[in-house]
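Notes for the structure review
Residue-level listing of the chains:
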Amino acid sequence: MKKNRLSLTIFFIVTLSVFMVFMHSQANAQGKSQSKAENIFVDLILTRPLGIVACAFGTAGTIISLPFLAFNPDLAAPVVDNMLTKPGDYTFIRPVGNLDNNWDRKYIKVPNPIIPEKE
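Reading guide: rules and limits
- Think of each chain on its own: its residues are numbered from 1, step by step along the sequence as written.
- In keeping with the model being predicted, local features are shown solely for residues with a pLDDT of at least 70 and side-chain atom pairs are shown and tallied solely at 80 or more, while totals for entire chains, interfaces and linings include all residues.
- Only hydrogens and water are set aside when side-chain values are computed; all heavy atoms of the structure are taken into account.
- Per the convention used, a helix needs a DSSP run of H or I reaching at least four residues, while a strand needs a run of E reaching at least two, with both numbered from the N terminus.
- When accessible area is computed with a 1.4 Å probe and restricted to protein chains, residues below 20% of their type maximum are described as buried, those above 50% as exposed, and intermediate ones as partly exposed.
- By definition, residues are in contact when any of their heavy atoms lie within 4.5 Å.
- Using the Shrake-Rupley algorithm and a 1.4 Å probe, accessible areas are obtained, with residue cover drawn only from the displayed protein chains.
- We call Phe, Tyr and Trp rings a pair once their centres come within 6.5 Å, taking the six-membered ring for Trp, and we label the pair stacked below 30 degrees between planes, edge-to-face above 60, and tilted otherwise.
- Over a ring means this: the NZ of a Lys or the CZ of an Arg is within 6 Å of the ring centre and within 35 degrees of the ring normal.
- pLDDT runs from 0 to 100 and stands for how confident the predictor is about each residue.
- Just to be clear on terms, a salt bridge is a Lys or Arg side-chain nitrogen sitting within 4 Å of an Asp or Glu carboxyl oxygen.
- What a helix is expected to span follows from its residue count: subtract one and scale by 1.5 Å.
- Fitting axes to the seven residues ending at a residue and to the seven starting there, one defines the bend at that residue as the angle between these axes.
- Any residue with relative accessible area above 30% and no salt bridge may belong to a patch, with like charges joined within 9 Å and the nonpolar Val, Leu, Ile, Met, Phe, Trp and Tyr side chains within 5 Å.

**Thoughts on the overall build of the protein**
Across its full length, the protein carries three helices and zero strands. Secondary structure elements of the protein occur, N-terminal to C-terminal, as α-α-α. A total of 119 residues make up the protein; the buried ones form 24% of that total. The contacts of the protein with a sequence gap of at least 6 include a subset with a gap of at least 24, amounting to 55%. Per element, the accessible surface of the protein, about 9000 Å² overall, is 69% carbon and sulfur.

**Focus on the packing of aromatic side chains**
This structure, assessed with the given rule, holds zero aromatic pairs. For Arg-94, the ring lying beneath its charged end belongs to Tyr-90, and the centroid distance is 4.0 Å.

**Some details on the confidence of the model for the protein**
In the predicted model, the protein carries a mean pLDDT of 78, and the fraction of residues at 70 or more is 70%. Looking over the protein, one finds the lowest element-wise mean pLDDT in helix α1 (residues 2-29), namely 72, and the highest in helix α2 (residues 36-69), namely 88.

**Details of the pattern of salt bridges**
Counted by the stated rule, this structure contains two salt bridges. Among the salt bridges present, the one from Arg-48 reaches Asp-43, with a minimum N-O distance of 3.2 Å. Each of the two residues, Arg-48 as well as Asp-43, counts as buried. Across the pair Asp-43 and Arg-94 runs a salt bridge whose closest N-O atoms are separated by 3.0 Å. Taken together, the residues Asp-43 in helix α2 and Arg-94 in the segment after α3 (76-93) connect sequence positions 51 residues apart. Of the two residues examined, Asp-43 and Arg-94, each falls in the buried class. What you see here is one network of salt bridges that share partners, running through Asp-43, Arg-48 and Arg-94.

**Looking at α3**
For α3, built from 18 residues, the straight-helix expectation of 26 Å at 1.5 Å per residue is missed by more than 12%, its first-to-last C-alpha distance being only 22 Å. The largest bend in α3 amounts to roughly 35° and is located at Asn-82. Those residues of α3 not exposed but buried are Val-79, Val-80, Thr-85, Pro-87, Gly-88, Asp-89, Thr-91 and Ile-93. On its buried face, α3 is in contact with α2.

**Details of a nonpolar patch on the surface**
Residues Leu-44, Ile-45, Leu-46, Leu-50 and Val-96 make up a contiguous nonpolar surface patch of roughly 410 Å² in combined accessible area. Residue placement: Ile-45 occurs in helix α2.

Structure (structure tokens):
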């Protein structure tokens, strides 16, 4: 009985999540603005977990590329920026509910020790 209840709960959550993502994408395609609650729900259920997966793949890709970066250290900064910093910022620094791809880091200023800031 408990197994059936757990399966039903998981099915309900997945179905609701898929429905919310579909409705969110349809509203964006039509140019309508979404409510903050819908953005937060989609962000917490779908976008943040996928961001954590992207961070894991970026870390693995960076580790795999380290031997090649040893021959050309000028490529290290773009690799670290694109494979570690950007997915990490999008997952952990971006404000909850802000699903815009062009968001700015103006909300929280975190210094990057690997890539110095341009003056």
